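These are the residues of each chain, in order.
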Amino acid sequence: MLYLIENRIGEGRPSRKESQMELFDLIKALILGFVEGMTEFAPVSSTGHLIIVDDMWLKTEEFLGKYPAITFKIVIQLGSILAVVVVFWKRLFSLVGLYNVENGVKMSERFNLLHVIVGMLPAVILGFAFKDLIDDYLFGVETVIIALVAGALLMIAADRFGPKHPRVQTLDQITYKQAFTVGLVQCLSLWPGFSRSGATISGGVLFGMNHRTAADFTFIMAVPIMAGASLVSVLKNWEYMSMDHIWFYVVGFLSAFIFSLISIRFFLKLISRIKLVPFAIYRIVLAIILAVIVFL
């Protein structure tokens, strides 16, 4: 989540802000793009992974500076958004009337833009209303550890208590009530480290969707949410964009785009077979490792 990324970056001054990018710097951009791309849409928390890899290891702020580092993380997120558009372009274009999905479903019963709006509305409202409280109390490695475990428990509960024979097998069977209910569960992802996809897929499964449909709805709903947040942040930090860092941005963007394409396609094939519990176990193991690093 961008609010966490912005607040996790310190106020320090860049040590070589005006210097040309070195090869190792570009490798850092490649690594961070990889982390963003492989974790943004899996239910494991991309924010938590970026904190671990960047704040605790690569420390890009030390050579980029505070605001260019913020802008970089926005840029690589845009790469992930573009990957979703490429994978789901038919559905996304159909939402705005630019493509006709021939699936034998009446126009009035098809998945449409209103489903997306209803689903994203709760998190957008609560995100704006409680942004300061979230910034003050819910970010940091310690709170991410707790969120990783809490999100894992929700995912285990979804697999355990979700209906054995889900009624909703495709996007076109999602009701507005289900979209809104999943949107309410998505609000849990305002807690950094909880994972937006983990919350929404779990919510979808608990309220009658199969895992693949819940994942499809999650990814499609991510586009306006992530694009809107990224656009606001880009405009906010536009003055800090520098040609000195252009190749760092380009490498990170392309890396995030390519690895997001790979991870989305792989995840959509995987989720119907293994469901959510393996990801939950991974989150718990990661939380334990983080706790050992932080507290010992």
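Residues numbered from 1 in each chain as written. Predicted model: local features only at pLDDT ≥ 70, side-chain atom pairs only at ≥ 80, totals over all residues. Heavy atoms only, no water.

Going by what an unreviewed UniProt entry lists, the protein is known as Undecaprenyl-diphosphatase and is assigned to Sporosarcina newyorkensis. In its Sequence similarities (unreviewed entry) section, the UniProt record describing the protein reads: "Belongs to the UppP family." (UniProt positions renumbered as here; feature names shortened; annotations may be inferred.)

Engineer: What is the right way to read the overall build of the protein from this model?
Structural biologist: A tally of regular secondary structure across the protein gives 14 helices and 0 strands. Along the protein, from the amino end to the carboxyl end, the secondary structure elements read α-α-α-α-α-α-α-α-α-α-α-α-α-α. At 19 Å, the protein has a C-alpha radius of gyration in line with the 19 Å of a compact globule built from 296 residues. Seen through its principal axes, the protein has C-alpha atoms that stretch 60 × 45 × 35 Å. (Helix = DSSP H or I, 4+ residues; strand = E, 2+ residues; numbered from the N terminus. Rg over C-alpha atoms; globule rule 2.2 N^0.38 Å.)

Engineer: Got a minute to help me understand the nonpolar core in this structure?
Structural biologist: Counting 43 residues, the largest nonpolar core has F88, F111, I174, F217, F219, I220 and I264 as the members making the most contacts within it. With 15 residues, the next largest nonpolar core counts L32, V35, L50 and V75 among its residues. (Core = buried A, V, L, I, M, F, W, Y, C linked by side-chain atoms within 4.5 Å. Buried < 20%, exposed > 50% of the residue type's maximum accessible area, 1.4 Å probe, protein only.)

Engineer: What exactly am I supposed to notice about the packing of aromatic side chains here?
Structural biologist: Think of a pair of aromatic rings as described by two things: how far the centres are apart, and how the planes are tilted against each other in angle. Applying the stated criterion across every chain, the model contains 12 aromatic pairs. Ring geometry for F63 against F248: centres 5.5 Å apart, planes inclined by 80 degrees, an arrangement best described as edge-to-face. Remark: F248 occurs in helix α13 (residues 246–274) and F63 occurs in helix α4 (residues 61–64); sequence separation between them is 185 residues. By relative accessible area, which is 3% here, F63 ends up buried. When the ring of W89 is compared with that of Y99, the centres are 5.1 Å apart and the planes differ by 70 degrees; the resulting orientation is edge-to-face. (Phe/Tyr/Trp six-rings, centres within 6.5 Å; stacked < 30°, edge-to-face > 60°.)

Engineer: Could you clarify how one ought to interpret the side chain of E40 in this entry?
Structural biologist: Summarising the element assignment, E40 is placed in the loop between α2 (23–39) and α3 (46–58). For the buried E40, which has no salt bridge, the nearest side chain bearing the opposite charge is R196, at an N-O separation of 5.1 Å. In this structure the side chain of E40 is engaged in a polar contact, spanning 3.2 Å, whose partner is the side chain of S46. With residues up to four places along the chain from it excluded, the contact list for E40 reads S46, Q77, S80, S197 and M226. (Lys, Arg positive; Asp, Glu negative; His and termini not counted. Salt bridge = Lys/Arg side-chain N within 4 Å of Asp/Glu carboxyl O. Polar contact = N/O pair within 3.5 Å; in protein donor to acceptor, adjacent residues only side chain to side chain. Contact = heavy atoms within 4.5 Å.)

Engineer: So what exactly am I meant to see when it comes to the environment of S233 here?
Structural biologist: Residue placement: S233 occurs in helix α12 (residues 211–236). Residues S233 and I70, 163 residues apart in the sequence, show an inter-C-alpha distance of 8.6 Å.

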